[in-house]
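Observations on the three-dimensional arrangement
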Amino acid sequence: MTEHLVGIKHIRDEVEIMPTIGAEMSVIGLVGTAPGANSGTFPLNEPVYFNTSDGDAVAALGASGWLPDAVRGVIDQLGVSQGAAKIVVVRVEPGEDDAETVANVVGSSGSGTGIFALLEAGELHGVVPRIIVCEKTEWSNGNGVNAVTLLTQGSNLTEAPTITASGGGSDPGKVLPTFTAVMGTGADDDKVVSITMTSPGANLTAAPTLTFTGGGSDVGKVLPTASCTIALLASPIVASLVGVLNTLRGHAVLQGPASSYQAWLNWREAHQSDRLIPGAPQKALVQEGSSTVQRDMAPRIAGVLVRRDNEFAGVPGRSAANQPIYGIVGVSRRVRFALDNPNNEGGDLIVANGGFVVRGEVGVENSLGAGGFIYWGTDTLSEDPVWQFYNVTRMRDYIELSQMKVLRHYLGRYNLDSQTVRAVVNTMVSHLESLKNRRHVIDFRVGFEKDKNSPEELRLGFLTVFFRAEEAPVFRKLTINSRRYRDALTQMANQIATQLGSVATVQN
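This write-up is about the structure you can find in this document.

Conventions we followed
Residues numbered from 1 in each chain as written. Predicted model: local features only at pLDDT ≥ 70, side-chain atom pairs only at ≥ 80, totals over all residues. Heavy atoms only, no water. Helix = DSSP H or I, 4+ residues; strand = E, 2+ residues; numbered from the N terminus. Expected span 1.5 Å × (residues − 1). Contact = heavy atoms within 4.5 Å. Patch = residues over 30% accessible without salt bridge, like charges linked within 9 Å, V, L, I, M, F, W, Y side chains within 5 Å. Areas by Shrake-Rupley, 256 points an atom, 1.4 Å probe, with all protein chains shown as cover. Salt bridge = Lys/Arg side-chain N within 4 Å of Asp/Glu carboxyl O. Lys, Arg positive; Asp, Glu negative; His and termini not counted. Charge placed at Lys NZ, Arg CZ, Asp CG, Glu CD. Buried < 20%, exposed > 50% of the residue type's maximum accessible area, 1.4 Å probe, protein only. Polar contact = N/O pair within 3.5 Å; in protein donor to acceptor, adjacent residues only side chain to side chain. Pairing = 2+ DSSP bridges. Phe/Tyr/Trp six-rings, centres within 6.5 Å; stacked < 30°, edge-to-face > 60°.

Details of helix α10 (residues 418–437)
Taking 1.5 Å of rise per residue, 20 residues should cover 28 Å, and α10 covers 28 Å from first to last C-alpha, within 8% of that figure. Considering only its buried residues, α10 is in contact with α9 (390–407), β19 (441–448) and β20 (465–471). Count one or two residues on from α10 and you reach Arg 439, which has phi positive near 65°.

Written out as structure tokens, the structure is:
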């Protein structure tokens, strides 16, 4: 390159603060069946992206199966000036039975099928689904063994005994569990010290009996004893879905059992994650032609989340609680709830992190509303109360993803010096200040800690900064102290005395 000897040359060498463009949090991912879909438009196990305003794409899903109704449920929730929702669909083959359909929805991480196909959407379509709904998340293999207790260890064993399960109830579809015995070492080398469950079984209606055989040829051997308990197994879809959600930084709205509160509670106890939103233990009643049919509520709740995001310019800092569900004519069963009384199913669901849909009641002040069908649900299935609300966990994803989106600009382009550090910190401050001003976070701090940035780390080009932010919690309880006001009577008595005294003076 010829050196510039004469003339004027401008060099833009300032490290600027970057404007932050928020991450996209409102793309819905749907995984399920649509037997009547156009296979050219929606090939099996491939993520297909479209806007719900694309009538051709919606029509290409056909009319049968779970996916067409799920898309319809999302469309029904669109808000004013929203226009359309963004959807990524993964179509799977219907199975011969529920178990096979569930297996197809789960798919394979190795081949990228089922729910794992969602991971390819970003590379293929430039969008990442972060509100996920899957068909049949309420289904499980019934009861299986959830705990096994070693009652006695046995003695004089020269090899690990064999454990056989028997009984387990009369369900013709039951699958008995399997176990292996673990021998001890040292002083316990002739005893069983623990039991490993290799399979929990399925469709058990009673706890199986565990029998030990073998254990070697020592004539003085004493075989161990053990017992087990059963509980509802987790949904295979949900069990596999959490890892996908962690990778996508997304949340799943789940459809739980809708037959009864107890069935829902058993299902809820099998799942835990701050990325799981339990939806409602009810089905939506929708009109299809001349018939009223039951359909999943979960896609409709997902649609409300998208509507709420749209109301706040795509920022997911608000919950979908106390919002109407549109497009339904009823719910499959009533959940009782009163604002001034927690002793009902609605109150029990809230304690268990659940949600529900109630019908409005005109003239009933302690109901959630006067009309329509209103959803209440604020929680994830997190064990940590700090991350209990899904608007908080979604908001933290939004902040972190937005930071990655803008701060990657500095990597490799600039040397690590004080000016670059200031630009990085000020960019973070600018973004969080904007969120604070719009009431998505209460307050924040951004900083540089000297003890976290040694000369050796800095020399390698490694920088550590921090931010603290407190996302706004959901306002869900108002306590009003209702008291009598004795001073009002004193004031009234004084007023009467003054008025009557004035009257008496006039008469005299």
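Focus on a negative patch on the surface
Side chains of Glu 93, Glu 96, Asp 97 and Glu 100 sit close together on the surface and give a patch of like negative charge. On the secondary structure map, Glu 96 appears in the loop between β3 (86–92) and α3 (98–106). On the accessibility criterion, Glu 96 (74% relative accessible area) is exposed.

Section: the side chain of Gln 82
Along the chain, Gln 82 turns up in the loop between α2 (66–75) and β3. At 2.7 Å, the side chain of Gln 82 forms a polar contact with the backbone nitrogen of Gly 79.

Quick look at the sheet that holds strand β15 (residues 323–324)
Pairing in this open sheet of three strands is antiparallel, and the strands run β15-β18-β17 from one edge to the other. In this open sheet, the two strands that pair with only one neighbour each are β15 and β17 (356–359). Two strands pair when backbone bridges link them, and β15 and strand β18 (residues 373–376) are joined in this way by two bridges, in the antiparallel orientation. When the bridges of β18 are listed, Pro 324 appears paired with Ile 374.

Observations concerning the packing of aromatic side chains
Inspection of every chain in the model, using the stated rule, returns five aromatic pairs. Arranged with centres 5.2 Å apart and planes meeting at 50°, the rings of Phe 337 and Phe 356 form a pair that is tilted. Of this pair, Phe 337 sits in the loop between β16 (330–331) and α8 (345–351) while Phe 356 sits in strand β17, and the two are 19 residues apart along the sequence. Each of the two residues, Phe 337 as well as Phe 356, counts as buried. Between Tyr 410 and Tyr 414 the ring centres are 5.9 Å apart and the planes differ by 45°, which places this aromatic pair in the tilted class. Judged by its relative accessible area of 29%, Tyr 414 is partly exposed. Every member of this aromatic cluster is reached through a ring pair, and the members are Tyr 261, Trp 264 and Trp 267.

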